[in-house]
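Now for the letters of each chain:
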Amino acid sequence: REAVAYKSPGFKLLYGKNDTGINRMAVTTPRNYGNAVERNRTKRIIREVYRNIKEHFNCNGYDFLFIVYKKDLEYKDTFRELFSICNSAGILNVSE
């Protein structure tokens with residue numbers, strides 16, 4: 001399968017079509033990211049951001065992989081950055 005990649009400082013989004021007809025999401029961090037507490041907190045923040053922006057997606061049947069490099073995430077900054085990545089990837093329906 002082919003995946004499309006979009007990068008920003010601290011994040012990378014890979015997405016590609018799947019055969020299920022529903023969107024699926026995964027979060028991963030590099031091996032040297034930190035201890036388990038830091039990795040799990042980061043994943044919780046990314047999942048919450050995804051939960052809040054998925055209603056704006058204009059596509060169904062895709063797999064999304066968020067790779068996180070940035071440490072010490074705060075929800076507000078993460079939301080803004082991931083929203084920007086998804087918007088530049090063209091997967092959001094955003095009316096301005």
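Above this text you will find the structure in question.
Everything numeric in this text was worked out from a predicted model, so none of it was measured.

Comments concerning unusual backbone geometry
Right, so step 1: In this model, Asp-72 sits at a positive phi of 55°, which is unusual for a non-glycine residue.
Right, so step 2: Mapped onto the fold, Asp-72 is located in the loop between β4 (62-68) and α2 (75-89).

Considerations on the pattern of salt bridges
Right, so step 1: Counted under the stated rule, the structure contains four salt bridges.
Right, so step 2: Notably, a salt bridge pairs Asp-63 with Arg-24, separated by 2.7 Å at the nearest N-O pair. With a gap of 39 residues between them, Asp-63 in strand β4 and Arg-24 in strand β3 (residues 24-28) connect regions that are remote in the sequence.
Right, so step 3: Between Arg-80 and Asp-77 there is a salt bridge, and its shortest N-O distance comes to 2.9 Å. Taken together, the residues Arg-80 and Asp-77, both in helix α2 and three residues apart, mark about one turn of the helix.

Observations concerning the nonpolar core
Right, so step 1: Membership of the largest hydrophobic core comes to 22 residues, with the highest contact counts inside it found for Leu-13, Ile-46, Phe-57, Phe-64, Phe-66, Cys-86 and Ile-91.
Right, so step 2: In terms of residue count, the dominant contributor to this core is helix α1 (residues 36-53) (five residues).
Right, so step 3: Those residues within four positions of Phe-64 in sequence are excluded, and the remaining contacts are Leu-13, Leu-14, Tyr-15, Asn-23, Arg-24, Met-25, Ala-26, Tyr-50, Phe-57, Cys-59 and Ile-91.

Details of the packing of α1 against α2
Right, so step 1: Across the interface, α1 lies against α2 with an axial gap of 10 Å and an inter-helix angle of 55°. Relative to α2, the element α1 lies oblique. The way α1 lies across α2 gives a crossing that is right-handed. Of the residues in α2, those touching α1 at Ile-45, Ile-46, Glu-48, Val-49, Asn-52 and Ile-53 are Tyr-75, Thr-78, Phe-79, Leu-82, Phe-83 and Cys-86.
Right, so step 2: Residue classes in the contact of α1 with α2 are distributed as nine nonpolar, two polar and one charged.

Rules of the game
- Residues numbered from 1 in each chain as written.
- Predicted model: local features only at pLDDT ≥ 70, side-chain atom pairs only at ≥ 80, totals over all residues.
- Heavy atoms only, no water.
- Helix = DSSP H or I, 4+ residues; strand = E, 2+ residues; numbered from the N terminus.
- Salt bridge = Lys/Arg side-chain N within 4 Å of Asp/Glu carboxyl O.
- Core = buried A, V, L, I, M, F, W, Y, C linked by side-chain atoms within 4.5 Å.
- Buried < 20%, exposed > 50% of the residue type's maximum accessible area, 1.4 Å probe, protein only.
- Contact = heavy atoms within 4.5 Å.
- Axes fitted to C-alpha atoms, helices over the stretch in contact; angles between N-to-C directions.
- Parallel < 35°, antiparallel > 145°, perpendicular 65-115°, else oblique.
- Left-handed = near helix turned anticlockwise from the far one by under 90°.
- Nonpolar A, V, L, I, M, F, W, Y, C, P; charged D, E, K, R; others polar.

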